Amino acid sequence: ELANRMAEKGADLVKALFKMGMPVTMTQTIDQDTAELLVTEFGHNIVRVSDSDIDLALDTTEDAVESLRPRPPVVTIMGHVDHGKTSLLDALRGTDVVRGEAGGITQHIGAYQVTLKDKSKVTFLDTPGHEAFTQMRARGADVTDIVVLVVAADDGLMPQTIEAINHTKAAGKPMIVAINKIDKHDANAQRVRERLLEHDVQVEDMGGETQDVEVSALKKIGLDTLIEKIQLQAELLELTANPDRAAEGSVVEAKLDKGRGPVATVLVTRGTLKVGDVFVVGAESGKVRALVDDKGRQVKEAGPAMPVEVLGLSGVPQAGDLLQVVENEARAREVAEYRQSVLLQKRTTSAPASLESMFSALKANQAKEYPLVVKADTQGTVEAIVASINKIASDLIKARILHSGVGGITESDVTLAAASGAPIIGFNVRANAKAREIAERNKVALKYYDVIYDLIDEIRAGMAGELGPEA
Ligand code: GDP
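Attention here is on the structure that accompanies the text. Since the model is a prediction, treat every value here as computed from it, not as a measurement. (Residues numbered from 1 in each chain as written. Predicted model: local features only at pLDDT ≥ 70, side-chain atom pairs only at ≥ 80, totals over all residues. Heavy atoms only, no water.)

**Section: the pairing of strand β17 (residues 322-325)**
Sheet topology places strand β9 (residues 248-257) next to β17; three bridges connect them, and they run antiparallel. Paired with E248 across the strands is Q324, a residue of β17. Pairing of strand β12 (residues 278-281) with β17 involves three bridges; the strand directions are antiparallel. Paired with V280 across the strands is Q324, a residue of β17. (Pairing = 2+ DSSP bridges. Helix = DSSP H or I, 4+ residues; strand = E, 2+ residues; numbered from the N terminus.)

As structure tokens, this is what we get:
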């Protein structure tokens, strides 16, 4: 069966399995890990049956290069609480040249787009903070192109600033540092730049490549410069999408509206979404009854990177769900129903991200990084653990510490770990109730230790065992 799907000879598969120390017959059932290993061995791509079925409607073909057109960047704002994320989002909204003249009323729909003097556009996600960002990413809706890290110049780097830096790095997104509140008398932008160095963020002034800009969200200082830097970064990324195809998008926010029924704010990722389009979104389906933009205006269509409220859904999808336009309503319903059944099944059967399964997944993907989140009781222990873990690295595999810090395991640690399929190591600390609950739901492994030696030993043993004798 597997040989057939790969268009390989069955005997070759049996031979390969023998070589891997697994004597099997042609018709024997093999487990998923083995099958994945085999598929990779033969140079094919893995598509799990359930995934391919879920994606009945999904058109995975890449758009032809000549169909691609430039699209606006999508920006997320992160930073410590009270450093001015919301104020900055509001201030940036004010830079929109269309907003005033169109007479629209600002609607908070989860994302907004500003049109600049030169007619170019920038889209901002309206939910600041790294939780939403990482949750979207965990659900496969990696819509952010650029992160703006807000740091209050009077307060400096705080715990959530550091978390935001680590979440941004884990996602591999470029970052622009907005040093906010420079209107305050005790503002010290230079100290912020210096402290950033401790977290491997080197701004241009410090000889690095990360752009930074001094702003005041309150006094509206530096906003144009911030926008310019966002545009500059966007140019480097060469963001494009094909606008002329059936639309796909990601749900940024969804709710049940008393008057309008289920409403989802969708950020179109490719194609153009039009009134009358039939779609599936997560485990829901629908037909676009109306599209409403962030100024409360009804629009007929929405192209790439444009956020719109979509009306006409069968139910409320979840943030991070993907929307896809399909050919007809019967098809949309069929896919949605299938997905609902798969969702039910998934809840009861998915495997935990144990150290062991992590390693086999890594091996199958031939990835060489082993993501981890480390929390411990003191800064000294955190540093000791991080240093020891980094030492275990070999040519074949190395640890990648997504985030490390002092204190108990929090929800934010768990969402970060879940997005990268990483286990969390707790040294002399535990997870709080909420974090445990989310970990359980997302199958994130929580590992507790009180002896560094045990911790290192377990990671090392796992690595050695998985890579085999030749490693
Ligand atoms: P968030 O928690 O990061 O979203 O922060 P907010 O936007 O709610 O801002 C927190 C507080 O800082 C509010 O009282 C704002 O008025 C104030 N604030 C925000 N930006 C500035 C600024 O540039 N200068 C000054 N002086 N205060 C600011």
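**Looking at the site of the ligand**
Around the ligand, the surrounding shell holds 15 residues, and the nearest of these are D82, K85, T86, S87 and D183. The separation between an oxygen atom of the ligand and a polar main-chain atom of G84 is 3.0 Å. Within the complex, the protein chains bury 74% of what would otherwise be the 570 Å² of accessible surface of the ligand. If you tally residues by element for the shell around the ligand, the top one is helix α5 (residues 85-93), at three residues. For the shell around the ligand, the class distribution of residues is three nonpolar, seven polar and five charged. (Near = heavy atom within 4 Å. Polar contact = N/O pair within 3.5 Å; in protein donor to acceptor, adjacent residues only side chain to side chain. Areas by Shrake-Rupley, 256 points an atom, 1.4 Å probe, with all protein chains shown as cover. Nonpolar A, V, L, I, M, F, W, Y, C, P; charged D, E, K, R; others polar.)

**Some thoughts on the packing of helix α8 (residues 159-171) against helix α14 (residues 411-420)**
Put simply, α8 and α14 touch, their axes get as near as 11 Å, and they point 10° apart. Our classification of the angle between α8 and α14 gives roughly parallel. Contact residues: E163, H167 and A170 in α8; S412, T415 and L416 in α14. Classifying every residue of the contact of α8 with α14 gives two nonpolar, three polar and one charged. (Axes fitted to C-alpha atoms, helices over the stretch in contact; angles between N-to-C directions. Parallel < 35°, antiparallel > 145°, perpendicular 65-115°, else oblique. Contact = heavy atoms within 4.5 Å.)

**Some details on α14**
Residues that lie three or four places apart on an α-helix share one face, since the helix turns once every 3.6 residues. The element α14 is extensively covered by neighbouring structure, given that seven of its ten residues are classed as buried. Along α14, the residues classified as buried are S412, D413, V414, T415, L416, A417 and A419. (Buried < 20%, exposed > 50% of the residue type's maximum accessible area, 1.4 Å probe, protein only.)

**What to know about the pattern of salt bridges**
Two side chains carrying opposite charge are able to pair once their charged atoms lie near each other. Per the counting criterion, the structure on display carries 27 salt bridges. Here the salt bridges share partners, and the residues they tie into one network are D63, R245, E248 and R270. (Salt bridge = Lys/Arg side-chain N within 4 Å of Asp/Glu carboxyl O.)

**With respect to the sheet that holds strand β21 (residues 446-449)**
Here we have four strands laid out as an open sheet, ordered β19-β18-β20-β21, and parallel in their pairing. In this open sheet, the two strands that pair with only one neighbour each are β19 (398-406) and β21. Each strand axis lies, on average, 25° off the axis of its neighbour in the sheet, ignoring direction. Running at roughly 170° to strand β18 (residues 369-376), α14 makes contact with β18, β19 and β20 (424-427) of the sheet.

**Quick notes on unusual backbone geometry**
Phi at K119 is positive, roughly 75°, even though this residue is not glycine. When its relative accessible area of 66% is taken as the criterion, K119 is described as exposed. One non-glycine residue with positive phi stands out, namely N428, at about 60°. As for its placement among the helices and strands, N428 is situated in the loop between β20 and α15 (433-442).

Functional significance is not addressed by these values, which are geometric in nature.
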